Amino acid sequence: MKTPLSSILLVLLASFIGSFGAVFLKAGAGRLHREWQSVLLNWRLGAGVGLYLGSFVFYYLGVRQGELSVLYPMVSLGYIWTLLWSRLFFGEPVSGRKVAGLALIIGGILILNLGNR
Amino acid sequence: MNDSPTTTERVSFRFSHRQSIGLVFLCTLFGVVAQFLIKTSANSLTVITLETLLTNWALWLGLAMYGISTGLLILALRDGELSLLYPVISLTYVWVTILSVLVFHESINVFKLTGITVICLGVALLGKGDSRS
């Protein structure tokens with residue numbers, strides 16, 4: 001195995017944390033007003049950016065060892081979390097197409113992992 | 001600033017479909033440059049101390065490219081249809097694979113190629129599932 005499991009887990013953890021960044025950015029963006037100050041006083045936007053930075057720390061630790069061609073595509077697992085949270089927190093509809101897209105992403109990650117030798 | 005009719009005039013600049021797709025394409029190029037810098041920096045970092053992190057120019061330049069890439073994506077997502085933009089976004093996976101092989105001399109095999117293709121299809125389908133037509 002050229003890319004250690006620890007690296008893969010770190011990158012997957014990064015994708016998980018990053019998906020919460022999107023949740024907070026979305027929640028914050030919905031509360032913006034016309035005044036520019038509303039951007040700075042918006043703690044949700046701040047939390048979103050913070051979570052993205054936190055996610056980057058784990059991604060960075062993850063890519064220190066192993067192959068980029070294996071690790072980078074694994075970030076796409078973040079789409080799965082994002083879809084889950086948009087359903088849970090924002091009540092967005094989940095269409096059959098989205099579920100098919102998710103299935104393809106998970107399948108793609110599993111196939112990719114087979115190539116990690 | 002109050003809600004006078006004159007303020008609404010200058011707010012509404014919109015990108016066309018073609019321009020939005022161009023922005024996302026540019027976003028994928030900045031994205032792969034960011035990945036190159038971040039991986040290079042991560043490889044070179046043997047010990048992590050405050051000093052080695054702060055003096056790591058590739059890391060900071062990579063983060064800046066990452067920021068530009070995200071900014072372009074947000075701009076494009078504001079006006080463009082997700083179903084058109086998501087397939088373009090998945091181009092980043094293609095660029096990163098080419099980068100991994102050519103620059104970092106990583107191995108490529110049929111599993112990796114199939115996996116990345118399937119992920120790209122999945123991302124494209126996700127965008128399609130959100131089309132507002």
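This structure is a prediction, so every number in the text was calculated from the model and none was measured.

### Focus: the overall build of chain B
Alright, step 1. For chain B, the count of helices and strands is seven helices and zero strands.
Alright, step 2. Its helices and strands taken in sequence order, chain B reads α-α-α-α-α-α-α from the N to the C terminus.
Alright, step 3. A fraction of 81% describes how many contacts in chain B between residues 6 or more apart in sequence connect residues 24 or more apart.

### Notes on the overall build of chain A
Alright, step 1. The helix and strand inventory of chain A stands at six helices and zero strands.
Alright, step 2. Reading chain A from its N end, one meets helices and strands in the order α-α-α-α-α-α.
Alright, step 3. By residue count, 39% of the 117 residues in chain A fall in the buried class.
Alright, step 4. Sequence separation of 24 or more characterises 76% of the internal contacts of chain A that already satisfy a separation of 6 or more.

### Considerations on the interface of chain B and chain A
Alright, step 1. Taken together, the 29 residues of chain B in the interface contact 27 residues of chain A.
Alright, step 2. Those elements giving two or more residues to the side of chain B that touches chain A turn out to be α2 (17-44), α6 (91-102) and α7 (110-128) of chain B.
Alright, step 3. In terms of residues, the side of chain B that touches chain A owes the most to one element, α7(B), which gives 13 residues.

### Some points on the packing of helix α1 (residues 5-29) of chain A against helix α5 (residues 78-90) of chain A
Residues and elements named next belong to chain A.
Alright, step 1. Close contact between α1 and α5 brings their axes to 9 Å; oriented N to C, the two are set at 40°. With respect to their mutual orientation, α1 and α5 come out oblique. Here the hand of the crossing between α1 and α5 comes out right-handed. Contact with α1, carried on its side by S15, F16, G18, S19, A22, V23 and K26, involves G78, W81, T82, W85, F89 and F90 of α5 and no other residues of that element.
Alright, step 2. Here the residues of the contact of α1 with α5 are counted per class, giving seven nonpolar, five polar and one charged.

### Points about unusual backbone geometry
Alright, step 1. Within the chain, H105(B) stands out as a residue other than glycine whose phi angle is a positive 50°.
Alright, step 2. For H105(B), a count of 8 C-beta atoms within 10 Å corresponds to the exposed category.

### Points about the packing of helix α5 (residues 82-89) of chain B against α7(B)
All names here are of chain B.
Alright, step 1. Two elements in contact, α5 and α7, have axes whose closest approach is 7 Å; the angle formed by their N-to-C orientations is 165°. With respect to each other, α5 and α7 are oriented roughly antiparallel. The crossing of α5 and α7 is right-handed. On the side of α5, the interface is formed by L82, S83, L85, Y86, P87 and I89, while α7 contributes V123, A124, L126, G127 and K128.
Alright, step 2. Split by residue class, the contact of α5 with α7 holds eight nonpolar, two polar and one charged.

### A closer look at the nonpolar core
Alright, step 1. Ranked by size, the top nonpolar core spans 49 residues in total, and within it I105(A), V24(B), I119(B) and V123(B) carry the most contacts.
Alright, step 2. Of all the elements, α2(B) adds the most residues to this core, at ten residues.

### Examining the environment of I111(A)
Alright, step 1. Among the secondary structure elements, I111(A) is positioned in helix α6 (residues 96-114).
Alright, step 2. Overall, I111(A) belongs to the partly exposed group, with 19 C-beta atoms counted inside 10 Å.
Alright, step 3. In this structure the C-alpha to C-alpha distance between I111(A) and P73(A), which are 38 residues apart in sequence, comes to 11 Å.
Alright, step 4. Those residues in contact with I111(A) that lie beyond four places of it in its chain are F111(B), T114(B), G115(B) and V118(B).

### Description of the confidence of the model for chain B
Residues and elements named next belong to chain B.
Alright, step 1. When pLDDT is averaged along chain B, the result is 86; 88% of the residues meet or exceed 70.
Alright, step 2. Averaged pLDDT values for the elements of chain B fall to 48 in helix α1 (residues 5-11) and rise to 95 in α6.
Alright, step 3. Across the interface, the model reports ipTM at 0.87; the global pTM reads 0.86.

### Here we look at α5(B)
Alright, step 1. Looking at α5(B), one finds that the buried residues are L85(B), Y86(B), V88(B) and I89(B). Along the axis of α5(B), the buried positions cluster into a sector of 160°, meaning they face one direction only.

### Remarks on the environment of L82(B)
All names here are of chain B.
Alright, step 1. Take L82: it is sitting in helix α5.
Alright, step 2. Given 15 C-beta atoms within 10 Å, L82 falls into the partly exposed group.
Alright, step 3. Measuring from C-alpha to C-alpha, the distance between L82 and I48 comes to 39 Å, with 34 residues separating the pair along the chain.

Scoring rules and cut-offs
- Residues numbered from 1 in each chain as written.
- Chains lettered and ligands numbered in written order.
- Predicted model: local features only at pLDDT ≥ 70, side-chain atom pairs only at ≥ 80, totals over all residues.
- Helix = DSSP H or I, 4+ residues; strand = E, 2+ residues; numbered from the N terminus.
- Contact = placed C-beta atoms within 7 Å.
- Buried ≥ 20, exposed ≤ 12 C-beta atoms within 10 Å, placed from the backbone.
- Axes fitted to C-alpha atoms, helices over the stretch in contact; angles between N-to-C directions.
- Parallel < 35°, antiparallel > 145°, perpendicular 65-115°, else oblique.
- Left-handed = near helix turned anticlockwise from the far one by under 90°.
- Nonpolar A, V, L, I, M, F, W, Y, C, P; charged D, E, K, R; others polar.
- Core = buried A, V, L, I, M, F, W, Y, C linked by C-beta atoms within 7 Å.
- pLDDT = per-residue confidence, 0-100.
- Arc of directions from axis to C-beta.

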